[in-house]
Structures are given as C-alpha cells and as structure tokens.
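Residues per chain are reported as follows:
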Amino acid sequence: RRPERPARVTAPGRGVEEGTHPSDPPLPGAGTPTRGGRAMKIEVREAGKVRIIDLHGRLVLGTTDPLKEKVHQLLGEGHLRILLNLHGVPHMDSAGIGELAACKKRALEKKGEIKLVRPKGKYHAAVETVVDLMFDRSVFEDEHKAVGSF
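Residues numbered from 1 in each chain as written. Predicted model: local features only at pLDDT ≥ 70, side-chain atom pairs only at ≥ 80, totals over all residues. Heavy atoms only, no water.

Novice: Teacher, can you tell me more about the overall build of the protein chain here?
Specialist: The helix and strand inventory of the protein chain stands at four helices and seven strands. Secondary structure of the protein chain in N-to-C order comes out as β-β-β-β-α-β-α-β-α-β-α. By the burial criterion, 39% of the 150 residues in the protein chain qualify as buried. Looking at the protein chain as shown, the accessible area adds up to about 8700 Å², and 52% of this sits on carbon and sulfur atoms. (Helix = DSSP H or I, 4+ residues; strand = E, 2+ residues; numbered from the N terminus. Buried < 20%, exposed > 50% of the residue type's maximum accessible area, 1.4 Å probe, protein only. Areas by Shrake-Rupley, 256 points an atom, 1.4 Å probe, with all protein chains shown as cover.)

Below, the structure written as structure tokens:
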C-alpha cells in the first residue's frame, strides 16, 4: 500500500514533480529520485602532483556520496594534494558543505591537503565562512593559483 503523501522526484530543468512515487517508473529524462535530485558527476584531472576533482551538479543531501568515495579513493592511492573545483556546482546545502569539511578532515588524517576553487556566487561566502576554519584560507577563485599554492 502506498503512503498517502506523494514522494518527490526531480526532473532535470523543471524542479520537483509532485504526485509520483519511488516505485513508479521515472519520468522521461528524470534524474535520480533522491532528495538531492540528479547525481553528482565527477571528473578527475591531473596537474603535476595535484589531482583536480571537477564537480558537476548540486552538492546537497543525497548527492554527496560520489565526492566522498572519490576523495577516499584518491587518498588511498596516495594522492595527497587534492583540489576540489566547485565551478560546476550551482547549489549546495549544509550537507554539501559538511561533506567538504569531512573530505578535508579525511585528507588531514592521511597527512594530505585539500583546497577549494571557484565556489559560485552566494555559496562562495558560505563556503568561506563555514569551511574556512578547516581549510585555512585555501579557497581560491583562480585554479592556476590554487594548484600553485600546494
């Protein structure tokens, strides 16, 4: 028996569609039916000894696992200099900011370093304010300067 209250499913570019249930087939073109919407896409690049993780998508509750897993993987492989490029992140919530802090903590435990580049608009101020304590002034606007700071 289905619950009376409908579940929420995010469809790309259209926000939340009401009246669908998780067991229903997804809407055509719909993203992953999670609280955070579409899955976070991650690409890893190399700049000398620095691994740059390009994040694409919302960094919100329900979408942070790919970031956590990628950082864990890179640290496990011995890559201790990681730059998180937030240019492709249009929105983040407290869970996203919390995951950035958790990634930093994991890196410090492995004697590594994580820095941030290009948080967008209003999130730049939030990231600087909340995460700056852990990231020790390592939030950058320019990727070249960020890589050079390692």
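That shown, we press on.
Novice: Whenever I open this one, the sheet that holds strand β7 (residues 139–140) confuses me. Can you help?
Specialist: The mixed open sheet is built from five strands, whose spatial order is β3-β4-β5-β6-β7. Each edge of the open sheet is held by one strand with a lone partner, namely β3 (41–47) and β7. Bridging between strand β5 (residues 81–88) and strand β6 (residues 113–117) involves five bridges; their strand directions are parallel. Bridge pairing in β6 links N85 to V117. (Pairing = 2+ DSSP bridges.)

Novice: Where do I start with the pattern of salt bridges in this structure?
Specialist: Pairs may arise between side chains of opposite charge once their charged atoms sit close together. Using the criterion set out here, one finds six salt bridges in the structure. Notably, a salt bridge pairs E143 with R45, separated by 2.7 Å at the nearest N-O pair. Of the two residues, E143 sits in helix α4 (residues 143–148) while R45 sits in strand β3, which places them 98 residues apart along the sequence. Residue R45 is classed as partly exposed on the basis of its relative accessible area, which comes to 33%. Note that E46 is salt-bridged to R51, the shortest N-O span being 3.6 Å. Looking at E46, the relative accessible area reads 57%, which means it is exposed. Each of R45, D54 and E143 takes part in salt bridges that share partners, so that together they form one network. (Salt bridge = Lys/Arg side-chain N within 4 Å of Asp/Glu carboxyl O.)

Novice: Which parts of the structure should I look at to understand helix α2 (residues 94–109)?
Specialist: Quick reminder: α-helices carry 3.6 residues per turn. Residues three or four places apart thus point the same way. Over its 16 residues, α2 extends 22 Å from the first C-alpha to the last, a length consistent with the 22 Å expected when each residue adds 1.5 Å. Of the positions making up α2, those classed as buried are G96, I97, E99, L100, A101, C103, K104, R106 and A107. Two or three places before A95, at the start of α2, stands the capping residue D93, its side-chain oxygen 2.9 Å from that residue's backbone nitrogen. (Expected span 1.5 Å × (residues − 1). Polar contact = N/O pair within 3.5 Å; in protein donor to acceptor, adjacent residues only side chain to side chain.)

Novice: Would you take a moment to explain the pairing of strand β4 (residues 50–56) for this structure?
Specialist: Across a regular strand the side chains alternate sides, sitting on one face of the sheet and then on the other. Among the seven residues that make up β4, six are buried, leaving the element largely enclosed by the rest of the structure. Sheet analysis places β3 next to β4, joined by seven bridges and oriented antiparallel. Across the sheet, residue V44 finds its bridge partner in β4, namely I53. Counting the residues that bridge the hairpin from β3 to β4 gives two residues, and of these G48 lies at a positive phi of roughly 65°. Of the strand pairs in this sheet, β4 and β5 are connected by five bridges, and their pairing is parallel. Note on β5: the bridge partner recorded for H56 is G88.

So yeah, pure geometry; function would need other evidence.
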